[in-house]
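Each chain, written out:
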Amino acid sequence: MKKHKSYILALGIALPLLTACGSDDSLQGTDGQTVPVSVSVSTRATDGSTDSYTATDWEWASGDKIKLYITSTYGGTSTSTDELTYDGSSWAASDGSAITATLPAKAYAVYPTSATNTAFTLPRTGITKYTLVSPYTVEYQIDQSSIDKLKACDWLVSDEATVNGDAISLTMKHKLCKATVNITYSGWNTDPTIENVKFYTFAYYTTGGDLNYLSEVSPYKVPDNNQYVAIMSGGYYLRALYLMSLEVNTVEKKIMVPSNFIYLSSGYSYNFELTVKPDEVSISSVSSSVDWTEDSGSYTGSVEISN
């Protein structure tokens, strides 16, 4: 530790000398200078583990791609975009080119690369329209039954960051909600068979938009556990709306929103405790957490999803 501290002190003394010689441009850069930059990106969804499902699984995986936007304000405003790929330890341009920025500049990133910072299309596996309960109509089917399919529905956008010299550090935040349903049994001599679990979320949600259109989501089942996970859009889920459905010993059961309404806030993680009895299925409690984003700066409010 003593060697480390003396090094930092020596560096602090040397920097003014370098400045006096005009040699620190490579560290901080000057306005109008185009510099190569490295990119570091914080947490994302899951590492692809199929053995368990815990908070530590929500990390970047090798092969993940993001879209990087760099906006320079030197001599006007211009924005460049790069697709970056993660190799398991660092990010680089997918085409092998250098990532550069003309200073001064700001940067942000979006996942997946098909999304923007204001719009995202959930991957859909089918279009079969039917009335769930009037006036709500299911228009789309979304398959999240595997880790990869769950990842494909995760929409992340970073805060805008200042490009400092040769480095860009970005913090990605989830713009949708994670819903986890924990199922327990009560009053059964033999545990029932649970099949065809479905979640219902808004097909597309915009501020002031029509919320009568829904998507049917096939959630991810945690291995060896009565736990189901889905990524859903934020918004008001009213009492008249079914939140999910499932089959108990081949008999379909629909579960309504457990109060006058619940508001799923974008960027939050929600846990639902579901109790299955021989004569009823009910949600006993709902809790929320900002742990999904790993800080208190979660997105709240509306989420735009293109149809």
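Residues numbered from 1 in each chain as written. Predicted model: local features only at pLDDT ≥ 70, side-chain atom pairs only at ≥ 80, totals over all residues. Heavy atoms only, no water.

1. Quick look at the overall build of the protein chain
- Scanning the protein chain for helices and strands turns up 3 helices and 24 strands.
- A buried classification covers 42% of the 307 residues belonging to the protein chain.
- Excluding contacts between residues fewer than 6 apart, the proportion of contacts in the protein chain whose partners are at least 24 apart in sequence is 67%. (Helix = DSSP H or I, 4+ residues; strand = E, 2+ residues; numbered from the N terminus. Buried < 20%, exposed > 50% of the residue type's maximum accessible area, 1.4 Å probe, protein only. Contact = heavy atoms within 4.5 Å.)

2. So, the packing of aromatic side chains
- Going through the model one piece at a time under the given rule, you end up with 6 aromatic pairs.
- With centroids separated by 4.8 Å and ring planes inclined at 10°, the aromatic side chains of Tyr 69 and Tyr 108 adopt a geometry described as stacked. You can see Tyr 69 sitting in strand β3 (residues 65–72) and its partner Tyr 108 sitting in strand β7 (residues 105–111), a full 39 residues away along the chain. Here the two residues Tyr 69 and Tyr 108 agree in accessibility, since each one is buried.
- Ring-pair connections join several aromatic residues into one group, and the members of that group are Trp 60, Tyr 86, Trp 91 and Tyr 111.
- Note that Arg 124 overlies the ring of Tyr 140, its terminal NZ or CZ placed 3.9 Å from the centroid.
- One Lys or Arg, Lys 221, reaches over the ring of Tyr 228 and ends 5.9 Å from the middle of that ring. (Phe/Tyr/Trp six-rings, centres within 6.5 Å; stacked < 30°, edge-to-face > 60°. Lys NZ or Arg CZ within 6 Å of the ring centre and 35° of its normal.)

3. Section: the pairing of strand β9 (residues 136–143)
- β9 sits mainly inside the fold: 7 of its 8 residues count as buried.
- As judged from the 3 bridges shared by strand β8 (residues 130–133) and β9, these two strands associate in the antiparallel manner. The partner of Tyr 130 across the bridge, within β9, is Val 138.
- Of the pairings in the sheet, the one linking β9 to strand β16 (residues 213–218) comprises 6 bridges and is parallel in character. In the sheet register, Ile 142 faces β16, and the bridge partner there is Val 217. (Pairing = 2+ DSSP bridges.)

4. A closer look at the environment of Lys 221
- By the element assignment, Lys 221 lies in strand β17 (residues 220–221).
- Residue class for Lys 221 comes out partly exposed when judged on its relative accessible area of 36%.
- Sequence-wise, Lys 221 and Gln 144 are 77 residues apart; in three dimensions their C-alpha atoms are separated by 9.2 Å.
- A distance of 2.7 Å separates the side chain of Lys 221 from the backbone oxygen of Asn 225, its partner in a polar contact. (Polar contact = N/O pair within 3.5 Å; in protein donor to acceptor, adjacent residues only side chain to side chain.)

5. So, the nonpolar core
- Grouped together as the largest cluster of nonpolar side chains are 51 residues, with contacts concentrated most on Phe 199, Tyr 237, Leu 246, Phe 272 and Leu 274.
- Excluding its chain neighbours within four sequence positions, the residues that come into contact with Phe 199 are Ala 179, Val 181, Ser 215, Glu 216, Val 217, Pro 219, Tyr 228, Ala 230, Met 232, Leu 243 and Met 244.
- Val 41, Ile 66, Trp 91 and Tyr 111 belong to the second-largest nonpolar core, a separate cluster that totals 25 residues. (Core = buried A, V, L, I, M, F, W, Y, C linked by side-chain atoms within 4.5 Å.)

6. Side note on the pairing of strand β20 (residues 242–248)
- The element β20 is largely enclosed, with a buried count of 6 among its 7 residues.
- Of the strand pairs in this sheet, strand β15 (residues 194–202) and β20 are connected by 4 bridges, and their pairing is antiparallel. Its bridge partner lying in β20, Glu 195 is registered against Glu 247.
- In this sheet, strand β21 (residues 251–256) lies alongside β20 in antiparallel orientation, the contact comprising 6 bridges. Within β21, the position partnered with Met 244 by the bridge is Ile 255.

7. Re the side chain of His 174
- Counting through the fold element by element, His 174 comes out in strand β13 (residues 172–174).
- At 2.9 Å, the side chain of His 174 forms a polar contact with the side chain of Asp 154.

8. What about the pattern of salt bridges?
- Under the defined criterion, the tally for this structure stands at 6 salt bridges.
- Between Lys 151 and Asp 64 there is a salt bridge, with its nearest N and O atoms 2.9 Å apart. You can see Lys 151 sitting in helix α3 (residues 147–152) and its partner Asp 64 sitting in the loop between β2 (38–41) and β3, a full 87 residues away along the chain. Of the two residues, Lys 151 and Asp 64, both sit in the buried class. (Salt bridge = Lys/Arg side-chain N within 4 Å of Asp/Glu carboxyl O.)

9. Overview of the environment of Ile 262
- Looking at the element boundaries, Ile 262 is found in strand β22 (residues 261–264).
- Distance in space between the C-alpha atoms of Ile 262 and Val 286 is 9.2 Å, their sequence separation being 24 residues.
- When residues no more than four places from it in sequence are discounted, the contact partners of Ile 262 are Gly 235, Tyr 236, Tyr 237, Leu 243, Val 257 and Phe 272.

10. Focus: the environment of Ile 283
- Within the fold, Ile 283 resides in strand β24 (residues 281–289).
- Separated by 26 residues in sequence, Ile 283 and Val 257 have C-alpha atoms that sit 8.4 Å apart.
- Excluding residues that lie within four positions of it along the chain, Ile 283 makes contacts with Leu 243, Ile 255, Met 256, Pro 258, Phe 272, Glu 273 and Leu 274.

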